[in-house]
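Listed here are the chains, written in short residue letters.
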Amino acid sequence: MSRLIIVSNRVTPAKSSKSGGEGGLAVAVKAAMQERGGVWFGWSGRVFDHEPGPPDIFDVGRVTYALVDLSQRDHDEYYNGYANSTLWPLFHYRLDLTEFTRRNLAGYQRVNHLFASKLAPLLQPEDQVWVHDYHLIPMAEQLRAIGCQLRMGFFLHIPWPALEILLALPNHRSIVRALCAYDLIGFQTTRDLRAFWEYIELEAGGDVHDDGTINAYGRVLRTAAFPIGIDTDTVAAYAAEAETSRQNRRLTESLQGRKMVIGVDRLDYSKGLVARMEAVDHLFKTNPDLRGRVTTLQIAPPSRADVPEYIEIRQQLETIVGHVNGAYAEFDWMPIRYLNKGFTRRTLAGFYRLSHVGLVTPLRDGMNLVAKEYVAAQKPEDPGVLVLSRFAGAAEELTGALIVNPYDVENVADAMRGALIMPLAERHERWQAMFEWLQRYDVAAWQRSFTAALETVPIKSAA
Ligand code: GDG
């Protein structure tokens, strides 16, 4: 088996993160790396005033880490700029929040070039390179420009937008051409894959074959959906162990027999938090019998706090939570407990297990690992119900959830009520099928299927 080189913007060498700010990519890649071993290359998370030196290289267990620092300017233009103020909002269908400047695009290209030049000397002839996510789309193109001929795969963790949305990106052509320098491109869902094919056929003038092979920009490459999984057995074990934990006891006591609804999301406008709180408002407005009997726990650790839109979403969320609590709270009951901080993965698993409803209502999401973690953490003999947005990639797999339109607050409120009163037999039937799926298609299976596909992809140039 060839050596695996993983490249991602953020690398998290620590054993586990308490902050909750690390996000789904880091959680998944860490689990995949622990299984297979290899080299994990990317940004150290540190920002300095000076230009970065050689990568900081060290081993932890089976993984060799190679970490590069960023200058303040690179961090502003590449990370906060083009990656998180252009690609992230646009790929999540938020044209209203998308900003584009040539300066930020140049910063993005510069950092991709920097990463490629720091990675190239570490590569060996049989290596397989697997690049992750929207921050690093041009990596393969940059590596090929300096002579690298290795097999290279790319996995996009966020949605691939519909054609009409992507056309609003001023440099859409250069982004898609850069992607076509890989040998394999993986997407979260068949919806994303089809949207990519549509661009290739209608805009790039390329060909798409039935097996996902495409010809475009003078290259032949493979495309497929590889829905990302979670470490299902570990989450289930954490949740079972947490039943007797101090936090779970405290939470149970504080609920005083009430039912609990839980939401856990990075504080991001794509997660639909404001509309979700409006749905909670509607639930209590139209179901007075539920007042005093249901508590919503919303955990939202801050993320990307340097980007102005994230400050704004936090203010909007605080306003609506304050409004709902002001409207319905009693001296001994609050409808919403809003926590602007993270918890350990073990604690979260325990909280999921105590919750009767998992509320996952993003407006757009590549996959959404929280939806999968919620299912994995349930008590087999008394499982809770997942309420899931149709716009999360996870909705293609988790068909036992109550699937909702997150823009329709009445629909979400109805689903919450349905979940709260659902009989055990139905809850069990829905949960069982989803849990078995998650055990079969876990994060290790995802890693294996992507790397196996990359290993066998035929490498040839178009005639
Ligand atoms: C991107 C895509 C895709 C959350 N709060 C805490 C905490 N978390 C963990 C969750 C979960 C992860 O962070 C979040 O993953 P998501 O998938 O829900 O969302 P993104 O961060 O947006 O991830 C997404 C994912 O990449 C993987 O491909 O599914 O669509 O946007 O694992 O549990 N972890 C800890 N404390 C917290 O308070 N420790």
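Residues numbered from 1 in each chain as written. Predicted model: local features only at pLDDT ≥ 70, side-chain atom pairs only at ≥ 80, totals over all residues. Heavy atoms only, no water.

Asks: Describe the pattern of salt bridges, and please don't skip the residues or the numbers.
Replies: The tally for this structure, following the rule as stated, stands at 24 salt bridges. A salt bridge links Arg-219 to Asp-183; the nearest nitrogen and oxygen atoms lie 3.0 Å apart. Placement of the pair is Arg-219 in strand S10 (residues 219-225) and Asp-183 in the loop between helix H6 (172-179) and strand S7 (184-187), with a sequence separation of 36 residues. Comparing Arg-219 with Asp-183 shows no difference in burial state: the two are buried. Among the ionic contacts, a cluster of salt bridges with common partners joins Arg-73, Asp-74, Glu-77, Arg-103 and Arg-110. (Salt bridge = Lys/Arg side-chain N within 4 Å of Asp/Glu carboxyl O. Helix = DSSP H or I, 4+ residues; strand = E, 2+ residues; numbered from the N terminus. Buried < 20%, exposed > 50% of the residue type's maximum accessible area, 1.4 Å probe, protein only.)

Asks: Provide a residue-level description of the site of the ligand, including the pertinent values.
Replies: Taken together, 26 residues form the shell around the ligand, and within it His-157, Phe-343, Asp-365, Leu-369 and Glu-373 come nearest. At 2.3 Å, a backbone N or O of Phe-343 approaches a nitrogen atom of the ligand. Contact between the ligand and Glu-373: an oxygen atom at 2.5 Å from a side-chain N or O atom of the residue. The fraction of the free accessible surface of the ligand (730 Å²) that becomes covered by protein chains is 97%. Going through the elements one at a time, helix H1 (23-36), helix H12 (345-354) and helix H13 (369-376) are the ones with two or more residues in the shell around the ligand. Here the element with the most residues in the shell around the ligand is H1; it accounts for four residues. Across the shell around the ligand, the residue classes break down as 11 nonpolar, 10 polar and five charged. (Near = heavy atom within 4 Å. Polar contact = N/O pair within 3.5 Å; in protein donor to acceptor, adjacent residues only side chain to side chain. Areas by Shrake-Rupley, 256 points an atom, 1.4 Å probe, with all protein chains shown as cover. Nonpolar A, V, L, I, M, F, W, Y, C, P; charged D, E, K, R; others polar.)

Asks: Outline helix H14 (residues 409-420), listing residues and values.
Replies: The end-to-end C-alpha distance of H14 is 16 Å, a good match for the 16 Å that 12 residues give at a rise of 1.5 Å each. Those residues of H14 not exposed but buried are Val-412, Ala-413, Ala-415, Met-416, Ala-419 and Leu-420. All buried residues of H14 project into a common sector of 160 degrees when viewed along the axis, lining one side. Summarising the contacts, the buried residues of H14 are in contact with strand S11 (259-264), helix H10 (273-286), strand S12 (294-299), strand S14 (357-360), strand S15 (385-389) and strand S16 (402-404). (Expected span 1.5 Å × (residues − 1). Arc of directions from axis to C-beta. Contact = heavy atoms within 4.5 Å.)

Asks: Run through the pairing of S10, naming residues and quoting values.
Replies: With four bridges joining them, S7 and S10 adopt parallel strand pairing. When the bridges of S10 are listed, Gly-186 appears paired with Ala-224. A loop of two residues connects strand S9 (residues 213-216) with S10, the two strands running antiparallel in sequence, and Tyr-217 in this loop sits at a positive phi of about 50 degrees. (Pairing = 2+ DSSP bridges.)

Asks: Explain the sheet that holds S9 to me, using residue names and the numbers behind them.
Replies: In space, the 10 strands of this open sheet follow the order S3-S4-S2-S1-S5-S6-S7-S10-S9-S8, with mixed pairing throughout. In this open sheet, the two strands that pair with only one neighbour each are strand S3 (56-60) and strand S8 (207-208). Across the sheet, helix H2 (residues 72-91) is in contact with strand S1 (4-10), strand S2 (38-48) and strand S4 (63-71); its angle to S4 comes to roughly 100 degrees. With respect to the sheet, helix H3 (residues 102-119) is in contact with S1, S2 and S4, its orientation differing from that of S4 by roughly 140 degrees. (Axes fitted to C-alpha atoms, helices over the stretch in contact; angles between N-to-C directions.)

Asks: Could you give an account of the environment of Leu-398, naming the residues involved and the relevant values?
Replies: Structurally, Leu-398 is set in the loop between S15 and S16. You can call Leu-398 buried: its relative accessible area is 0%. Once the C-alpha coordinates of Leu-398 and Arg-364 are considered, the two residues, 34 residues apart in sequence, prove to be 16 Å apart. Setting aside residues no more than four positions away along its own chain, Leu-398 makes contact with Ala-371, Lys-372, Leu-386, Leu-388, Ile-403, Met-434 and Leu-438.

Asks: Describe the nonpolar core, naming the residues involved and giving the relevant values.
Replies: Of all hydrophobic cores here, the largest spans 99 residues; its most connected members are Val-7, Phe-115, Met-139, Trp-160, Tyr-182 and Phe-196. Looking at this core element by element, the count peaks at eight residues for H2. Per-domain counts for this core show at least three residues from each of domain 1 (4-229 + 443-457) and domain 2 (232-440). Excluding residues that lie within four positions of it along the chain, Phe-196 makes contacts with Trp-160, Val-176, Leu-179, Ile-185, Phe-187, Ile-214 and Thr-223. (Core = buried A, V, L, I, M, F, W, Y, C linked by side-chain atoms within 4.5 Å. Domains from an automatic or database assignment.)

Asks: Requested: an account of the domain arrangement of the chain, with residues and values cited.
Replies: Here the domain parsing of the chain yields domain 1 (4-229 + 443-457) and domain 2 (232-440). The centre of domain 1, based on its C-alpha atoms, is set 30 Å off from the matching centre of domain 2. On the domain 2 side, the residues contacting the 32 residues of domain 1 number 28 residues. In this assembly, domain 1 and domain 2 are joined by zero salt bridges. Inspection of the region where domain 1 meets domain 2 yields nine residue pairs in polar contact (both at pLDDT 80 or more). Secondary structure elements with two or more residues in the side of domain 1 that touches domain 2: H1, H2 and helix H7 (190-202). No other element matches H2, which puts seven residues into the side of domain 1 that touches domain 2.

Asks: Before we move on, could you go through unusual backbone geometry and cite the residues and values that matter?
Replies: A negative phi angle is the norm for most residues apart from glycine, just as the trans form is the norm for most peptide bonds. Despite not being glycine, Tyr-217 has its phi angle at roughly 50 degrees, a positive value. Note that Tyr-217 resides in the loop between S9 and S10. With a phi angle near 50 degrees, Gln-256 is a residue other than glycine that sits in the positive phi range. One can find Gln-256 in the loop between helix H9 (246-255) and S11. Gln-256 sits in the exposed class, given a relative accessible area of 60%.

Asks: Describe the state of the cysteines, naming the residues involved and giving the relevant values.
Replies: Across all of its chains, the model carries zero disulfides by this definition. Cys-148 forms no disulfide, and the closest cysteine sulfur to it belongs to Cys-180, at a distance of 17 Å. (Disulfide = S-S within 2.5 Å.)

Asks: Account for a positive patch on the surface, naming residues and giving values.
Replies: A contiguous patch of positive charge, built from Arg-246, Arg-249, Arg-250 and Lys-341, is present on the exposed surface. Assignment of secondary structure puts Lys-341 in the loop between strand S13 (336-339) and H12. Taking the relative accessible area as the measure of exposure, Lys-341 reaches 47% and is therefore partly exposed. (Patch = residues over 30% accessible without salt bridge, like charges linked within 9 Å, V, L, I, M, F, W, Y side chains within 5 Å. Lys, Arg positive; Asp, Glu negative; His and termini not counted. Charge placed at Lys NZ, Arg CZ, Asp CG, Glu CD.)

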